[in-house]
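An overview of the molecular structure
What follows is each chain in one-letter form.
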Amino acid sequence: MFKKLEGKIALITGGSRGIGAAIAKRLAADGANVAITYTKGADAAASVVKEIERAGGRAIAIQADAADADASKAAVEKTVAAFGRLDVLVNNAGTAIPKSFEETTLKELDRLIDVNVRGTMVATQAALKHMKNGGRIIMIGSSVGERVGVPGLVPYSATKGAVKMFTQGLSREVGSRGITVNNVQPGPIDTDLNPAKGDWAVPQKAATALDRYGQVDEVAALVAFVAGPESSYITGANLTVDGGMNA
Ligand code: NDP
């Protein structure tokens, strides 16, 4: 059976758990060979690779903290060395530190900016060196990159707003090369970072039109579409998958 990402090579940053793991498995199911990065979770990363291999796909895991520019560049080079090229980059690695802005330390601010913004830019620069016509750069931003309905996410939402404008600006520079750049913006998705159970989840669930958290596969489905051939005329777009949170 024809798979729409057959022969494509994809790198997903932060692919050992949560949304990134679901994206890796979905792109592999659609025929791509995938590389994932992680920081601490070597076992979790290895189990994503095994699951993809058991299903007949090819995958590798690379330790690379998105805040470490050399490691991020090396992850791109290792992907190309393993699979021969790079067609799709998914900048998924990201972190949130929910707390009041005034209590946020300089170290925490640096970490948010380094992982969510600087890491995304560095990996993208490295990937563009290898990308050809038809290439796909996909950010995992956030619905709070456009509208923030709750307190406690001030610097996080600012980083995701930066990711949004990075997407829009970059689409203007690489469009002539046939490369698209899009920003997938999840709302509340049940992961270790934002569990659907607990006090923090109550106002988020209530703010959605569908009155529920989203599942990682619902984000992965949109990413697979944006990575595939049918999204060829979509670029510079912010595509929100948030159960209507920003409606
Ligand atoms: P999780 O914390 O559940 O998973 C994060 C994944 O990324 C893990 O595989 C982790 O691996 C890896 N990771 C974390 N930090 C780094 C880093 N510095 N460098 C490389 N890899 C890293 O997060 P989610 O799946 O919930 O979030 C994924 C993305 O989606 C983030 O960008 C987040 O901001 C965004 N998002 C999430 C939402 C949600 O509600 N869950 C809503 C909107 C956006 P390891 O364990 O080895 O560190």
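Whatever comes next refers back to the structure up there.
My aim in this report is to walk through the structure given alongside it, one point at a time. What you are looking at is a predicted structure, and each value in this text was computed from that prediction instead of being measured.

Points about the sheet that holds strand β7 (residues 238-241)
Pairing is parallel across the open sheet formed by 7 strands, whose spatial order is β3-β2-β1-β4-β5-β6-β7. Edge positions in the sheet fall to β3 (59-63) and β7, since each of these pairs with one other strand and no more. Ignoring which end each strand starts from, the neighbouring axes of this sheet average 20° apart. The pairing of strand β2 (residues 33-38) with β3 spans 5 bridges and is parallel. Looking at β3, one finds that Val34 is bridged to Ala59. Along the sheet, helix α1 (residues 18-29) contacts β1 (9-12), β2, β4 (88-91), β5 (136-140) and β6 (180-186); its crossing angle with β1, the most-contacted strand, is approximately 175°. Helix α5 (residues 154-174) contacts β5, β6 and β7 of the sheet and is inclined by roughly 160° relative to β6.

Considering the side chain of Asn116
Tracing the backbone through its elements, the reader meets Asn116 in helix α4 (residues 106-128). Apart from residues lying up to four places away in sequence, Asn116 is in contact with Gly94, Thr95, Tyr156, Thr159, Lys160 and Val163.

Points about the site of the ligand
Taken together, the neighbourhood of the ligand is formed by 31 residues, with Ser16, Arg17, Thr39, Tyr156 and Thr191 sitting nearest. At 2.6 Å, a side-chain N or O of Ser16 approaches an oxygen atom of the ligand. Arg17 places a side-chain nitrogen or oxygen 2.7 Å from an oxygen atom of the ligand. Computed on the free molecule, the ligand has an accessible area of 900 Å², of which 94% lies beneath the protein chains in the complex. Broken down by secondary-structure element, the contributors of at least two residues to the shell around the ligand are α1, α4 and α5.

Definitions and cut-offs
Residues numbered from 1 in each chain as written. Predicted model: local features only at pLDDT ≥ 70, side-chain atom pairs only at ≥ 80, totals over all residues. Heavy atoms only, no water. Pairing = 2+ DSSP bridges. Helix = DSSP H or I, 4+ residues; strand = E, 2+ residues; numbered from the N terminus. Axes fitted to C-alpha atoms, helices over the stretch in contact; angles between N-to-C directions. Contact = heavy atoms within 4.5 Å. Near = heavy atom within 4 Å. Polar contact = N/O pair within 3.5 Å; in protein donor to acceptor, adjacent residues only side chain to side chain. Areas by Shrake-Rupley, 256 points an atom, 1.4 Å probe, with all protein chains shown as cover.

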